[in-house]
Amino acid sequence: MTSDGRIQTARRTGAEDFRLNGVPFAAKQLDFWQWSASDMVANTMRGVLAEYIVALALGIADGMREEWAAWDLTMADATRIEVKSAAYVQSWQQAKPSVISFSVAKSRQWSETSGLGNESSRPAQIYVFALLAHMDQATLDPLDLDQWVFYVLPTSVLDARQRSQHSITLPSLAKLAEPRRFEQLADAVRECRAGIVS
């Protein structure tokens, strides 16, 4: 436990054993990860993967994801980042590729000390929109970083939009930000951060 009453969680290796009656059982944490997280095309897991990919690009993937944090990632300089993901190809059978739209709705924030807040907001300073852009189901591989495209925007641009405050389509997003490859993402975030600070 931490001094403020939270469970102290350590980053796991996957080699940890399940136990029964105090002795290792025939399963490890890695088995659970394989069982629960192998479908990285499914919406929920793809969103978590997108957060990790952005963390990789920014050099901040050595910690652990915080499930209930008010934003997804925090850079070394304390910049707060929200990651949103979408994909043309889904796990289920599709007649045509999905229309790309990202949720950008303001939300009430959870606090460990006071619970769910009353005000809706966007507490992140930067949004990174991660699009799994590959369109062939047979060759789709979410681990292939070349199949992803990223768009970076300061939150202030979303706050100032005259159109929907709940979602943004890809054509609207493309008018506001340039598509970036994985290897360009860190520079794009730094440029966006510099614009916020100046």
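Each value, and the rule that gives it
- Residues numbered from 1 in each chain as written.
- Predicted model: local features only at pLDDT ≥ 70, side-chain atom pairs only at ≥ 80, totals over all residues.
- Heavy atoms only, no water.
- Helix = DSSP H or I, 4+ residues; strand = E, 2+ residues; numbered from the N terminus.
- Contact = heavy atoms within 4.5 Å.
- Areas by Shrake-Rupley, 256 points an atom, 1.4 Å probe, with all protein chains shown as cover.
- Lys, Arg positive; Asp, Glu negative; His and termini not counted.
- Charge placed at Lys NZ, Arg CZ, Asp CG, Glu CD.
- Phe/Tyr/Trp six-rings, centres within 6.5 Å; stacked < 30°, edge-to-face > 60°.
- Lys NZ or Arg CZ within 6 Å of the ring centre and 35° of its normal.
- Buried < 20%, exposed > 50% of the residue type's maximum accessible area, 1.4 Å probe, protein only.
- Pairing = 2+ DSSP bridges.
- Patch = residues over 30% accessible without salt bridge, like charges linked within 9 Å, V, L, I, M, F, W, Y side chains within 5 Å.
- Salt bridge = Lys/Arg side-chain N within 4 Å of Asp/Glu carboxyl O.

Okay, the overall build of the protein next. Looking only at helices and strands, the protein features 5 helices and 10 strands. Considering only intrachain contacts with a sequence separation of at least 6, the fraction spanning at least 24 residues in the protein is 58%. By element, 54% of the accessible surface of the protein is carried by carbon and sulfur atoms, the whole surface being about 12,300 Å². Averaged over its 20 positive side-chain charges, the protein has a centre that lies 7 Å from the centre of its 23 negative ones.

Applying the stated criterion across every chain, the model contains 4 aromatic pairs. These aromatic residues form a ring-pair network of at least three members: F102, Y127 and F129. The cationic tip of R80 hangs over the ring face of W71; the distance from NZ or CZ to the ring centre is 5.4 Å.

In this section: the pairing of strand β4 (residues 80–87). Counted residue by residue, β4 has 6 buried out of 8 residues, so it is predominantly covered. As paired strands, strand β3 (residues 73–74) and β4 are joined by 2 bridges and run antiparallel to one another. Note that in β4 the partner of L73 across the bridge is I81. Inspection of the sheet shows β4 paired to strand β8 (residues 126–132) by 7 bridges, in the parallel sense. Residue pairing for β8: A87 is matched across the bridge by L132.

On the surface, F18, L20, F25, L30, F32, W33 and W35 cluster together to form a nonpolar patch covering roughly 770 Å² of accessible area. Among the secondary structure elements, those contributing two or more residues to the nonpolar patch are β1 (17–20) and α1 (29–37). Per-element accounting of the nonpolar patch gives the leading share, 4 residues, to α1. Take L30: it is sitting in helix α1. Note on L30: relative accessible area 41%, which makes it partly exposed.

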